[in-house]
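# A closer look at the structure
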Amino acid sequence: MHNIKVTNILVLAAALLLQPILNPGSQALAKRKSPPKAYSFIAEGGKVSQAECDGERKLPRLKKLKEFSKTGSYMGSELQDPEIPGKANEEMWKHIFRDKGTCNSILAKAPSSVVEATAKGPKPELPPDDEDDEMRPSEASETEE
């Protein structure tokens, strides 16, 4: 009888000790989760070509730039090595922020290469086709009848 009570107490103690570890909200599982999500945008030559910040899971080694250090959620920037080289002497940077709202507001204030391309004006129009002078084969068969 004494052994049964001891065994029951040990099982109960083990269950009470394991329960916090197995609970999804426990600190033991929190240590295994990935780092906090951050938000980033890429600027090439100081101009951006996207409308919204992207989510980041893995954070690379970051270098702090003075131009963004005023914002509270700025984490740093990483110099990118593009697969396809852009214009000469233009660096590509990825700027990373903790807060998506701050990232999007900085992105909205940054000069955009997309807006600049459309601001140059529409492409020149092609000269009109000279189809009026020549008859189409379908029209030629109608006039011959």
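Shown above is the structure to which this text applies.
Now for a description of the structure that goes with this document. Please read these numbers as outputs of a predicted model, since none were measured by experiment. (Residues numbered from 1 in each chain as written. Predicted model: local features only at pLDDT ≥ 70, side-chain atom pairs only at ≥ 80, totals over all residues. Heavy atoms only, no water.)

## Regarding the nonpolar core
In terms of nonpolar packing, the biggest core is built from 13 residues, with Phe41, Cys53, Phe68, Phe97 and Cys103 touching the most fellow members. Breaking this core down by element, the ones donating at least two residues are strand E1 (38-44), strand E5 (92-97) and helix H3 (100-109). Residue contacts for Cys103: discarding those within four places in its chain leaves Tyr39, Ser40, Phe41, Cys53 and Phe97. (Core = buried A, V, L, I, M, F, W, Y, C linked by side-chain atoms within 4.5 Å. Buried < 20%, exposed > 50% of the residue type's maximum accessible area, 1.4 Å probe, protein only. Helix = DSSP H or I, 4+ residues; strand = E, 2+ residues; numbered from the N terminus. Contact = heavy atoms within 4.5 Å.)

## Structural notes on the pattern of salt bridges
Applying the stated criterion across every chain yields a total of 2 salt bridges. Note that Glu52 is salt-bridged to Lys100, the shortest N-O span being 2.9 Å. Here Glu52 is found in the loop between strand E2 (47-48) and strand E3 (54-56), whereas its partner Lys100 is found in helix H3, with 48 residues between them in sequence. Here Glu52 falls in the partly exposed class, since its relative accessible area comes to 43%. The partly exposed category is assigned to Lys100, whose relative accessible area is 32%. One salt bridge connects Lys94 with Glu56, and the closest N-O pair in it is separated by 3.2 Å. In this pair, Lys94 sits in strand E5 while Glu56 sits in strand E3, placing the two residues 38 residues apart along the sequence. (Salt bridge = Lys/Arg side-chain N within 4 Å of Asp/Glu carboxyl O.)

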